[in-house]
Amino acid sequence: MNRPLRWVLVGASDIAATRMIPAMRALGQEPVAVLSGSSERGRRFAERHQVPVAAGTLEEALSVPADAVYISITNELHRDQAVAAAAAGRHVLCEKPLAMTLDDAADIVRAARAAKVVLGTNHHLRASPVIRSIQKLVADGGIGRPLAVRVHHAVELPERLRGWRLNNPTAGGGVVFDITVHDADALRFVLGREVLDVTATAVNQGLAVPGVEDAAMTVLRLEDDVLACAHDAFTVPHAGTALEVHGTGGSVFATDAMTQDPDGEVVLRRGGTRTSVDVGPRDDLYITGLRAFAEAVHGDGTPLATGADGFASLAVALAVRDALRTGTRTPVTPMSILQEEAL
């Protein structure tokens, strides 16, 4: 039996506390050290969550015997932390977006490959039983040729998360790098197609500080002329999330689809007939993701979202940002700008 993974947590974050540590421990994995940008915050986090070491520096954190590093500190710091972790021989699971520039994302991917460690991007929606059931339905031809997708990912940002996401664009604040990037990965996963170009508009509806967009709508063109539209927001309290995929042979509708929990219902409609789709076991998304990551570390498969997937979703988010600035249709930088062997 493979030994459970030991983790260094880079970031004393809400998601580490509420999602990742419980999922790790459910699998017999264990956080062995935590690093925070604030030593006091790191110490309190370690005490609250029974993490043995509250490290003061990245070097100290990486000196603790461990197998992998989970990075969930603010996004502008991901590149240096992930590259250092890979160089130290640690497998890396990094929160989205993988970085804040494509050059930095490419550096992370290349560093992991050079060190022969596993690199994953924590796009949790790939672990959703709802999203996975739609992906299988599309892949099996259940709706014919895909034509269009509608994503509703407009939510109310919880009070406890109303910090840098609303006031620090340098760190990746704003709805595009927090939510639209997830849409991009979900579209690529469900359709098996790359996003080619985007148009977008965004506003500040009063939750974020002036100059930071807290609501956006995006139109995306994918390969094979599939069209998608997405409404992303921090400002919508009551709508719930949804995903629709429409094809030549049917349409599939999912409610509560873009969440962190294994909720939601899926309905397939052909003509006047509506059929409920069995989504299978409703396993915790983060347990599913960490299980796949551990299997990849032990030589079986890949993470649910790889470093290359993280690069691709970042490329879409950056294109959306540029489209907002220019008001024009903006091409998405393809993964082919990197040497194939680097991915």
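These lines cover the structure that appears in this document, whether it is placed above or below. (Residues numbered from 1 in each chain as written. Predicted model: local features only at pLDDT ≥ 70, side-chain atom pairs only at ≥ 80, totals over all residues. Heavy atoms only, no water.)

Within this structure, the stated rule accounts for 27 salt bridges. Aspartate 140 is the salt-bridge partner of lysine 136, the closest N and O atoms lying 2.7 Å from each other. Salt bridges here are not isolated pairs; linked through shared partners, they connect Arg126, Asp185, Arg188, Glu194 and Asp309. (Salt bridge = Lys/Arg side-chain N within 4 Å of Asp/Glu carboxyl O.)

Attention now goes to the packing of aromatic side chains. A full pass over the atoms with the stated rule returns one aromatic pair. With centroids separated by 5.4 Å and ring planes inclined at 40°, the aromatic side chains of tryptophan 7 and phenylalanine 293 adopt a geometry described as tilted. You can see tryptophan 7 sitting in strand E1 (residues 6-10) and its partner phenylalanine 293 sitting in helix H9 (residues 285-297), a full 286 residues away along the chain. Looking at tryptophan 7, the relative accessible area reads 0%, which means it is buried. (Phe/Tyr/Trp six-rings, centres within 6.5 Å; stacked < 30°, edge-to-face > 60°. Helix = DSSP H or I, 4+ residues; strand = E, 2+ residues; numbered from the N terminus. Buried < 20%, exposed > 50% of the residue type's maximum accessible area, 1.4 Å probe, protein only.)

Here we come to the packing of helix H8 (residues 175-191) against helix H10 (residues 307-326). Between H8 and H10, the shortest axis-to-axis distance is 8 Å and the interhelical angle comes to 125°. Judged on the interaxial angle alone, H10 and H8 are oblique. In this structure, H8 crosses over H10, and the sense of that crossing is right-handed. Facing H8, whose interface residues are Val176, Phe177, Thr180, Val181, Ala184, Asp185 and Arg188, H10 presents Asp309, Ala312, Ser313, Leu314, Val316, Ala317, Leu318, Val320, Arg321 and Leu324. When its residues are assigned to classes, the contact of H8 with H10 shows 11 nonpolar, two polar and four charged. (Axes fitted to C-alpha atoms, helices over the stretch in contact; angles between N-to-C directions. Parallel < 35°, antiparallel > 145°, perpendicular 65-115°, else oblique. Left-handed = near helix turned anticlockwise from the far one by under 90°. Contact = heavy atoms within 4.5 Å. Nonpolar A, V, L, I, M, F, W, Y, C, P; charged D, E, K, R; others polar.)

All right, on to unusual backbone geometry then. Lysine 96 connects to proline 97 through a cis peptide bond whose omega is -20°. Mapping proline 97 onto the fold places it in the loop between strand E5 (91-94) and helix H5 (102-115). Even without a glycine there, the phi angle at glutamine 50 is positive, about 55°. Residue classification places glutamine 50 among the exposed positions, given a relative accessible area of 56%.

In short, shape yes, function no, at least from these values alone.
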